[in-house]
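Each chain, letter by letter, is given below.
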Amino acid sequence: MKTAATTPYKDLYESESAGIRRRFEQSGDGHAAATARSALVDRIIAGLFLEHVAGGPGKENPEGFCLVALGGYGRATLFPWSDIDLLLLSASESVEAAHKPAVSALTQNLWDMRLKLGQTSRTPGECGRLHRDNLEFNVGLLDARYLAGDERLFAQLSRQVTPGFLRSNGAELASNLTAMTRKRHARHGNTIFHLEPNLKESPGGLRDYNVAHWLTRLSAAPPTAQEESAAPAMERAFDFLASARCLLHYRLGRDDNRLTYEIQTEAAALAGGTSPPEEYMRRYFRHARAIYRHCSAMMDRSTDQTRGRGSLLGMYQDWRSRLSTADFAVVKDRIYVRQPGALEDPALLLGLFELVARHGLALSGEAETAVERALEDLRPANQGNALLFSGLWRRLKPILILPHAAEALRAMHSLH
């Protein structure tokens, strides 16, 4: 009898994984490596399903049962040591029970390959309910992808169950996802600037990249022009983080996502040959800021869609709008620049951060973009990155002594 240890799938996985790693170390393309590993696992799971569940080549797929990829595996981006999340979708509990021995054999083979599995069994009806004690499952279904088995059952999930769930529960799921993300940001100090950032969980990391896409899927409104224009920067940022995460996984041999000083040096060499680690981290912060800004904008929009205009919070937000000035508009705790081109006046530019320091407001995505564009025009006339102009201290001093100086300084630092 063929044992798990001698299965050809184990040999296939080891040899193909070695090839994926070699190609990554030559190219540094983490996105390609994660996609290749996902495709490899697809082949192995499909083969094991045919052998253990369908009963061998030439057999028809079992009716009322299929395997579905969730989460990162559902997105077809499996990093070297990422978990493989599987949904065992059954038409009924009796069908699930009938396939239990075969599924156990399949998963045992995967465990013997040192693949870390996260699996759950559900019926379509269970997938259509909001699980408030397990929101990760509902979010994971947003990335569901067919693997093997009854395709009609998966079509029922993707074409009927999930759209119906989104119509009934999408707003609540978006609200809960936004709340969870804000709590995670708070645990990391609400800043992208960490000496050894967590590539997955830190603000501006891969989790925020995914949250932005999930909120887009959950939104009842079409994307704005600003959200669409953010897409290229988001994809560049993902590719950068994917390369760093692959390097971490390969070097540490586990799902560890903290970009340590040692790995920063190696990542800089892989990314640019002669670039020092400091330059590599500056690139990291640029990409993290792009993701963080877009994720924050999506969370703001999600909050706006679910917040009632007649609520106490809504009335408070309307009161805050009275803080608007001739140069800046304040809408829902966000500052907008009425004439973005006017920020080329350094005094007005610092006036923007004075408004942050005085009232504890945040810059809108449009304001941040306007600041960056203004700096591009201002800096060539000066030496280095410093803004030097007459009356600098007179405009800077109020920022430093106002109640929310820390928020203003963090915003200034974030935008260089």
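Predicted model, so just to flag it, every value in this text is computed and none were measured. (Residues numbered from 1 in each chain as written. Predicted model: local features only at pLDDT ≥ 70, side-chain atom pairs only at ≥ 80, totals over all residues. Heavy atoms only, no water.)

**Q** What is the right way to look at the side chain of Asp208 in this model?
**A** With respect to the secondary-structure elements, Asp208 resides in helix 9 (residues 206-218). Relative accessible area serves as the criterion here: at 0%, Asp208 is assigned to the buried category. The contact partners of Asp208, leaving out residues within four places of it in the chain, are Thr181, Arg184, His185, Ser202, Pro203, Ile291, Tyr292 and Cys295. (Helix = DSSP H or I, 4+ residues; strand = E, 2+ residues; numbered from the N terminus. Buried < 20%, exposed > 50% of the residue type's maximum accessible area, 1.4 Å probe, protein only. Contact = heavy atoms within 4.5 Å.)

**Q** Help me understand the nonpolar core, please; the structure alone is not making it clear to me.
**A** Considering soluble globular proteins, one finds that nonpolar side chains tend to be buried as a cluster. Counting 75 residues, the largest nonpolar core has Ile45, Tyr73, Ile84 and Leu110 as its most contacted members. In terms of residues, this core owes the most to one element, helix 11 (residues 231-252), which gives eleven residues. The contacts of Leu110, once residues within four sequence positions are left out, are Ile44, Ile45, Leu48, Leu86, Leu115 and Leu117. By size, the runner-up hydrophobic cluster in this structure holds 27 residues, among which are Leu323, Phe353, Val371 and Leu378. (Core = buried A, V, L, I, M, F, W, Y, C linked by side-chain atoms within 4.5 Å.)

**Q** Looking at this model, I keep getting lost on the sheet that holds strand 5 (residues 328-331). Mind explaining?
**A** Strand-to-strand pairing in sheets goes through backbone hydrogen bonds, with the strands running parallel or antiparallel. Ordered in space as 5-6-7, the three strands form an open sheet in which the pairing is mixed. Taken across any chain shown, the strands that pair with only one partner, and hence form the sheet edges, are strand 5 and strand 7 (362-363). Bridge count for strand 6 (residues 334-337) against strand 7 is two bridges, and the pairing is parallel. Counterpart to Ile335 in the pairing with strand 7 is Leu363. Running over the sheet, helix 15 (residues 346-359) touches strand 5, strand 6 and strand 7 and is turned about 25 degrees from strand 5. (Pairing = 2+ DSSP bridges. Axes fitted to C-alpha atoms, helices over the stretch in contact; angles between N-to-C directions.)

**Q** I'm lost on helix 18 (residues 405-414) in this one. Help?
**A** An α-helical turn contains 3.6 residues, so a residue and the one three or four places further along point in the same direction. Of the residues making up helix 18, those classed as buried are Ala405, Ala408, Ala411 and Ser414. Just downstream of helix 18, His416 is the residue with a positive phi angle, here 65 degrees.

**Q** Is there a simple way to think about unusual backbone geometry in this case?
**A** Leaving glycine aside, a negative phi is the common case for residues, and trans is the common case for peptide bonds. The backbone of Arg114 shows a phi angle near 70 degrees, a positive value even though the residue is not glycine. Tracing the chain through its elements places Arg114 in the loop between helix 5 (100-112) and strand 3 (117-122). Although it is not a glycine, Asn190 adopts a positive phi angle of roughly 55 degrees. Turning to its location among the elements, Asn190 is positioned in the loop between helix 8 (151-187) and helix 9. Under the relative-accessibility criterion, Asn190 is labelled partly exposed at 44%.

**Q** Please explain the confidence of the model for the chain as it appears in this structure.
**A** Reading predicted coordinates in detail is not appropriate for stretches of low pLDDT. Confidence along the chain averages 89 in pLDDT terms, with 91% of residues attaining 70 or more. Scored below 50 in pLDDT, residues 1-6 shows six contacts in the model against residues more than four places distant or in partner chains. Residue range residues 308-312 is modelled with pLDDT below 50. Its contacts to residues more than four positions away, or to other chains, number six contacts. (pLDDT = per-residue confidence, 0-100.)

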